Structures are given as structure tokens and as C-alpha cells.
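Geometric and topological summary
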Amino acid sequence: MPGQLPCSRRQSLRTPAQCNHALRSPRRQARMLIFFNIRPPRGPHVRPGRDTACHPTLCDYHPRSPGCGAGERAIPFFRLARVVPFRRLVAEIGKKALEHLGTMVAGLAAILLAAGIAALVRGRFALRETTLLPAWWWTVAALFACGGTEIATALVPADDGWLAPLRFTAAGLTLCPIVAVLGAKRPQHHAWNFVVLAFWGIMVLPVAETFLLQRGQRLEIGDARGWFLWPLILLGPINYLPTRRWLAALFVLAGQILLFSEYLPLVSRPLFAGQQLAALLLVVLALWLPKTASRPAANPYDRLWRDFRDEFGLFWALRLQERANFVSQANGWPFELAWSGLVDSATRVSMTQVDPAITPTLRTTLQGLLRRFVSARWIAERLRER
């Protein structure tokens, strides 16, 4: 037809109205938009005074493309730039990400593992004068086990017959540090490690049963063992919730629930995909969390007591508090040891100053009670006036 230019390889000719309608239709617009054409080419297809164009290549990619006339209404470039190519680009990115998903997961697990080890190395300085070093080593072992398992399974995919037992074995190590804390008293704090090791062996006994007697079957621990997991998981938060480490204890609790969710009776299923990495993240965050703020200590003895309470938790703190108050009553001292520090026995008000006549005996008493948990240097640093 005179006055029209062919716009397709089939040399099909349409009227300007038909061309305009076809190009404006969403289903007939070009599927392969070249979005790097920031400026449409100018030429015989461009209308005078308009920065828009009907590019011939747009028709080449559509099987039903009509011909475009020389005087038709052109499609603005911004309308073309927001069609399918962005979705296609996202699909390609997603495809590539799925191809390298294992490497990405392994890299993320390695980063979390390195961050956790850095936090533990930083915290070891504060524990070097205490009996909590065995618990520190058990924490290192648990972190390496959980992080290493996720790295290995991401790089070398395994079936559920191997994956679930490995993860359960690593998760069982996360319960060992709190058990080590319960035995952190001289002189048995080193021998207590054999108790912790036996505890871990009992924890992973279902894994041994699965490998030896039920090879290829799904890991099952039974209802009795499942219910026994709940008090073990709650042991850490109970011990540290009354202290300044309560927030870290809640993070660890959430991480352990994610690790054991398939075996806990009230949950009994995976909560979401990738929950092992989420549990590892929560544990690492707990290691980096500082102690929560509290009011300043009224005297050096309060500072000594609070630091011991926050490091060793509720169980050992209550034991020490009971012994200290027994000595106070036996000597007729006008104060007692409360959860926040020394308070007056009659008014329950914090004591800002201790009678100088009582100070030597009080210092000796506290040193005798604490020497099974911390060194003399640790005590002296906190009793020093600031």
C-alpha cells in the first residue's frame, strides 16, 4: 500500500490505525524489549516533534507483528521499557542463584561460623580466671559442629537418612555448655567434662540406633526423649534469665527450638526452610550481645557479687547467697546478701558503705566462698575501689 513501510520480515502491510492498535495492545507488544536502547533511533519512523519511535526490530520478535506505517502514532519508550524484560531478567537471576544455592548457603554458614568464633575468642579473656573455661570449650565444639554440618551438607548434598542424624548430633552439643556450667566448681570442674561427654552420648544414642539397627529409616527419638528435651532446652534460660544475660539466653532458647523442632512434642515438624541457618544466626547474635544495663553498684562487694551472678547464673548464685547469709546471721552482721547486693536487714535498703570493723571478715568470707569458682586475681580486680 502506498505511503506505508514494511515493519516485519514477512513484509506484512497494515493501516496506521491497525498498527497503532496492535502495538498498544499488551499482548502484542514486544516480548524481547531491549532496555539498553535509552534513546529510540530516529529516522523515517519517527514523527516530527516526538521523541518516540516505532522501531522495526520490535516487530521482528513478535510472531503476529503488524506492519507499521510512516505516519502512525509511535509508542513512548517508557511504555516499552516496563514490559517483560525486567521479569525475564529476574527469572535469569533466580535461575543462576538456584544453580549456586549450595555455594551461597555454605558461604553464609562459614561467615556465621567465623563471627561466632570471633565472639568466643573475645569473651575468653573474661573467663580465663574462672572455672567456666570447660563450658567455653563445649560452646566452641557446638558452634563448629552446627556450622560445619551446614557447610558440608550445602556443598555435598546428602539424603535425609544422613542429614537428619548429623544435624541432631550437632544440635545435641548445644546443650552441653549449660551442663558444664552446672559442674563449674573446683576441684571437680575438669572431671565434670566426662559427665558432659556421657550426657552428650546419651543424647545422640538414637542416632547410633538409626545407623546400626534402622539403616535408611527416618530418625525417631520417641515421645519420652522428646519430652525430656524440653527441660534441657529450658535449663539455660532458667539459669540466666534473672541475670544481665537474659536477652542472650532468649536468643539461644529460640535457636535451640529451631534445631530440635522436628523432635519436640509440641512442635514435631520443621517450622520453615533454612531454619538451621536461622538457629545458627541466633546463637551467634547471642554470643555478641552485651550484658544489659543495670544501676551502678553501691559498693565494691555489690560489684563482685553481680559479676559472679551474671557469669555463673541462678543455680550457683543461689548457693553462694545462702552460704553468705548463713555466715552473716552467725556473726550478727546488720546486713544480708540479696539478689542485687548487700542490703540492710531491717530496712532492705542497699548499703553504700560497710562498717570498717566488719570489712576484713567479710572480705575473707567472700574469698573463701568464691575461691572454688574464680581466682584471687578475679576477686581483687572487683574489690578494688574505683
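In short, a report on the structure. As the structure is a computational prediction, the values presented were derived from the model and not from experiment. (Residues numbered from 1 in each chain as written. Predicted model: local features only at pLDDT ≥ 70, side-chain atom pairs only at ≥ 80, totals over all residues. Heavy atoms only, no water.)

1. Quick look at the overall build of the protein
- Helix and strand counts for the protein come out as 16 helices and four strands.
- Looking at the protein as a whole, 42% of its 386 residues qualify as buried.
- Taking as baseline every contact in the protein between residues at least 6 positions apart, the subset at least 24 positions apart corresponds to 69%.
- Approximately 21,500 Å² of the protein is accessible, and the part contributed by carbon and sulfur atoms is 63%. (Helix = DSSP H or I, 4+ residues; strand = E, 2+ residues; numbered from the N terminus. Buried < 20%, exposed > 50% of the residue type's maximum accessible area, 1.4 Å probe, protein only. Contact = heavy atoms within 4.5 Å. Areas by Shrake-Rupley, 256 points an atom, 1.4 Å probe, with all protein chains shown as cover.)

2. Brief notes about the packing of aromatic side chains
- This structure, assessed with the given rule, holds nine aromatic pairs.
- Taken together, a centroid distance of 5.1 Å and an interplanar angle of 65° make the contact between Trp316 and Phe373 edge-to-face. On the criterion of sequence distance, the pair formed by Trp316 in helix H14 (residues 300-331) and Phe373 in the loop between helix H15 (359-370) and helix H16 (376-383) is long-range, its members being 57 residues apart.
- In this structure Trp316 comes out as buried when scored by relative accessible area, which is 12%.
- The exposure class of Phe373 is buried, given its relative accessible area of 5%. (Phe/Tyr/Trp six-rings, centres within 6.5 Å; stacked < 30°, edge-to-face > 60°.)

3. A look at the pattern of salt bridges
- Inspection of the entire model under this criterion finds 12 salt bridges.
- Of the charged contacts, one joins Asp307 and Arg382 as a salt bridge, the two residues approaching to 2.9 Å between their closest N and O atoms. Residue Asp307 is found in helix H14, and its partner Arg382 is found in helix H16; the two are separated by 75 residues along the sequence. Both residues of the pair, Asp307 and Arg382, count as buried.
- Taking the shortest distance from any N to any O, the salt bridge between Glu381 and Arg377 comes out at 3.5 Å. Taken together, the positions of Glu381 and Arg377, both in helix H16 and four residues apart, correspond to about one turn of that helix.
- The class for Glu381 is partly exposed, based on a relative accessible area of 28%. (Salt bridge = Lys/Arg side-chain N within 4 Å of Asp/Glu carboxyl O.)

4. Topic: the environment of Ala135
- Along the chain, the position of Ala135 falls in helix H6 (residues 133-155).
- Classification of Ala135 as buried rests on a relative accessible area of 9%.
- The residues contacting Ala135, other than those within four sequence positions of it, are Pro177, Ala180 and Val181.

5. A look at a nonpolar patch on the surface
- Together, Leu182, Leu234, Ile238 and Phe315 give the surface a local cluster of nonpolar side chains, amounting to about 300 Å² of exposed area.
- When you line up the elements, Ile238 lands in helix H11 (residues 222-240). (Patch = residues over 30% accessible without salt bridge, like charges linked within 9 Å, V, L, I, M, F, W, Y side chains within 5 Å.)

6. Concerning the environment of Arg124
- Residue position: Arg124 is located in helix H5 (residues 101-127).
- On the basis of relative accessibility, which here comes to 31%, the residue Arg124 falls in the partly exposed class.
- For the pair Arg124 and Trp136, spaced 12 residues apart in the sequence, the C-alpha separation amounts to 7.4 Å.
- The residues contacting Arg124, other than those within four sequence positions of it, are Leu133 and Trp136.

7. Here's the deal with the nonpolar core
- With 77 residues, the main nonpolar core has Phe260, Phe308 and Leu362 as its most contacted residues.
- Among the elements that line this core, the one with the most residues is H6, at 11 residues.
- What Phe260 contacts, discounting residues up to four positions off in sequence, is Phe168, Ala171, Gly172, Thr174, Leu175, Met203, Leu229 and Ile233. (Core = buried A, V, L, I, M, F, W, Y, C linked by side-chain atoms within 4.5 Å.)

That's the geometry; what it means functionally is another story.
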